[in-house]
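Examination of the molecular architecture
The lines below spell out each chain.
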Amino acid sequence: MGIQQIFNGVTIGMSYALIAVGYSLVFGILRLVNFSHGSVYAFGATITLYLISFNFGIMPAIIAGIILTGLLNILIDKAAMEPLRKQGAASITSLITTIGISNILTNLLIVRFGSQRRQFPSLFPDKTMNLLGVDIQYTQIGMLLISLVLMVILVLVVNKTKIGLAMRASEQNMKAAKLMGINVNFVVSFTFLLGGISAAIAGVLVSSYYGMAYPNMGYVSGLKAFAAAVLGGIGSLPGSIIGGVLVGISESAAATYLGSEFRDSVAFIILIVVLIIRPNGLLGKKEIEKV
Amino acid sequence: MRKDNIAKSKLTQLNNVKSILIGVIIIGLFLVPFVNTNNYYLNIINKVLIYIIMALGLNILVGYTGLVSLGQAGFVAIGAYTTTILTTRLDMNFFIATFIALIIAAAFGLLLGLPTLRLIGPYLTIVTLGFGEIIRTIIIIWAPVTNGPLGIRNIPRPSLFGIELTMNNGGLYILTLVSMLLVMLFCHQLYKSKTGRAMRAIKQDHTASIMMGINTTYYKVLSFVLAAIICALVGSIYSTQLGYIDQNTFTFDMSTMILSIVILGGMGTIRGMVLGSAVLVVLPELSRSLMDYRFVLYGLVLVLMMRFRPQGLLGWRDSSPYPLSEKAKETMDFQGKRGV
């Protein structure tokens, strides 16, 4: 396989990893597959594009967009998910709720901005350099670096900070965490915030890479990122990164060698094969069923 | 004892009223195409029936056995494409083609059911989701057979005894209605049967049902196969009504729509599928004037329903906790008398 394809795959894979983190973090704590995450990602990209059009500078617009997306995710949690948790609702109920939220969000975006693809400005100089026979765009370097830094920050937050400790405690046993005085609802909201922020950053990066943003962009990317999260072992941060990169590489290789029709489904083929061999993903912990 | 009898007679009265009501509704549904000549309404009622069948199929998986599938659209696609290809290319009779489509769908259902031996929860869900997407890719790349992204046009209408069934003479509608009633009857019988009880036991407590000696693998795979067959049946019928199919007819949205109907109506029930499908199909049609906002409304309905009525519109606890068949009751009485 060409180094070029691997490099392209890693770059796009890192952005999948950023979206996958959102699925993984929320799943870790709530045991919930959050299907609204793809549209949150699309919201991040679209709202940033909208803010950029006000011309108060690209950087402030992006930061505002990311913060807004984070807040939106908290709102989703507070308005829709928290009442369900209080009721002790079944997981299928929460799943349908997230599908409903995804519908609301995507269609509100379409109502407000239209469903057409709109041009997204490039964030990095439009240049290419050649390293050992591999064409590397500056955008790709930027994407790779930003995603890597973000991943490191996320891992540090989860593993080294107090709130990260609370997150891990809630993940292991929510009831016990509550009894230890951890404000679990706050922890969950914080998790949603982290997920929203990383999804928005991924949205901005991917939009600037492809040069466009549109309300429906979250559909395919969301599914693939979910596949990446499950592939790596849902609930595990390093798993999300490995899963994302694997999905990215396989997609880029499939598009080159098999044809672009395979781009969207090769991730699922690999996923199914991996799950049959390792039912809990590559880095997933096996859950022991207690009777 | 007397009170008991009175309660019993009231109950039979109620049951009589219920069966009369159901009979009236069924006859009414059969008469719709002959009374109402407005094609628009007929199409909507027809679409409701179509989605009821799909929901009944998924209901076996979600409502009875407790497995969540997000790939049912894949089976609908298999049914639609197999039937269409056989009828257009090989000039096969629609009903024979449908029968073959059901067998193929059953094989795929078996294939998809096998991972359930090892996978649970979100892992299983994503495999079914992936299955739906892979089917769509196969449709695109297998262009020599499926005509790829261009789709298949001019799908012939089925004919029975020399009469072509169309939407205008109500034939297609009656075909859908009859299929729905048959599937409904099947699900009703399945629910009460030994198989249905085993499935519901698996849903309630997987570990306990293994301990009770239920072959969980068999019943899980069986429910995948049954759901696949029912959804493929819908695909066959639906394709002749649409007249045109391509890979975008069977998207993830269709799968989530079916799942939403099952949950919104009240999983595990048959009446719930009817109401859920009626609400979710008619709602976007009624609110056409809202333009793009109607899908926002659709999402809001889902979210609010799950918040305030998570068991679904018509889902309530089964009134008979141990719905044994008469024969099983007799055996138990017999054993009870013998002191076993």
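Look up: the structure comes first, before these words.
Things to note about the overall build of chain A
Within chain A one finds 11 helices and 4 strands. Relative to the compact-globule value of 19 Å for 291 residues, chain A shows a C-alpha radius of gyration of 19 Å, a close match. Projecting the C-alpha coordinates of chain A onto the three principal axes gives extents of approximately 55 × 45 × 35 Å. Each of the 291 residues in chain A was classed as buried or not, and the buried ones make up 57%. Partitioning the intrachain contacts of chain A with sequence separation of at least 6 by distance along the chain shows that 75% fall at a separation of at least 24. Summed over all atoms, the accessible surface of chain A reaches about 12500 Å², with 65% contributed by carbon and sulfur. Across chain A, the 19 positively charged side chains and the 10 negatively charged ones have centroids separated by 10 Å.

Let's talk about the packing of aromatic side chains
In total, this model carries 15 aromatic pairs over all chains according to the counting rule given. With centroids separated by 5.3 Å and ring planes inclined at 35 degrees, the aromatic side chains of Tyr23(A) and Phe226(A) adopt a geometry described as tilted. Of this pair, Tyr23(A) sits in helix H1 (residues 3-30) while Phe226(A) is found in helix H9 (residues 218-232), placing the two residues 203 residues apart along the sequence. Of the two residues examined, Tyr23(A) and Phe226(A), each falls in the buried class. Summarising the aromatic geometry, the rings of Phe108(B) and Phe131(B) are spaced 6.3 Å apart at their centres and angled 50 degrees between planes, so their arrangement reads as tilted. With Phe108(B) in helix H4 (residues 94-113) and Phe131(B) in helix H5 (residues 121-141), this residue pair connects regions lying 23 residues apart in the sequence.

So, the environment of Ile136(A)
All names here are of chain A. Position of Ile136 relative to the elements: it lies in strand S3 (residues 134-137). Among the residues examined, Ile136 registers a relative accessible area of 7% and is labelled buried. Each C-alpha atom of the pair Ile136 and Phe7 lies 8.3 Å from the other, and the pair is 129 residues apart in sequence.

A word on the nonpolar core
Judged by nonpolar contacts, the single largest core of 182 residues is most densely connected at Phe35(A), Phe226(A), Phe250(B), Met254(B) and Leu259(B). Residues within four places of Phe226(A) in sequence aside, it is in contact with Tyr23(A), Val33(A), Phe35(A), Ile234(A), Pro122(B), Ile126(B) and Leu129(B).

Some details on the pairing of S3(A)
All names here are of chain A. The two faces of S3 differ: Val134 and Ile136 on one face are buried, but Asp135 and Gln137 on the other face are not. Of the pairings in the sheet, the one linking strand S2 (residues 128-131) to S3 comprises 4 bridges and is antiparallel in character. What sits directly across from Met129, in S3, is Ile136. Connecting the antiparallel pair S2 and S3 is a turn made up of 2 residues, with Leu132 showing a positive phi of about 50 degrees.

With respect to the pattern of salt bridges
Residue and element names in this part refer to chain A. On inspection of all chains with the given rule, the structure shows 5 salt bridges over all chains. Between Glu82 and Lys78 there is a salt bridge, and its shortest N-O distance comes to 2.8 Å. You can see Glu82 and its partner Lys78 sitting in helix H3 (residues 58-87), 4 residues apart, about one turn around the helix. Relative accessible area serves as the criterion here: at 40%, Lys78 is assigned to the partly exposed category. When the shortest N-O distance is used, the salt bridge between Lys86 and Glu82 registers 3.5 Å. Of this pair, Lys86 and Glu82 both sit in helix H3, 4 residues apart, which is roughly one turn of the helix.

About the cut-offs
Residues numbered from 1 in each chain as written. Chains lettered and ligands numbered in written order. Predicted model: local features only at pLDDT ≥ 70, side-chain atom pairs only at ≥ 80, totals over all residues. Heavy atoms only, no water. Helix = DSSP H or I, 4+ residues; strand = E, 2+ residues; numbered from the N terminus. Rg over C-alpha atoms; globule rule 2.2 N^0.38 Å. Buried < 20%, exposed > 50% of the residue type's maximum accessible area, 1.4 Å probe, protein only. Contact = heavy atoms within 4.5 Å. Areas by Shrake-Rupley, 256 points an atom, 1.4 Å probe, with all protein chains shown as cover. Lys, Arg positive; Asp, Glu negative; His and termini not counted. Charge placed at Lys NZ, Arg CZ, Asp CG, Glu CD. Phe/Tyr/Trp six-rings, centres within 6.5 Å; stacked < 30°, edge-to-face > 60°. Core = buried A, V, L, I, M, F, W, Y, C linked by side-chain atoms within 4.5 Å. Pairing = 2+ DSSP bridges. Salt bridge = Lys/Arg side-chain N within 4 Å of Asp/Glu carboxyl O.

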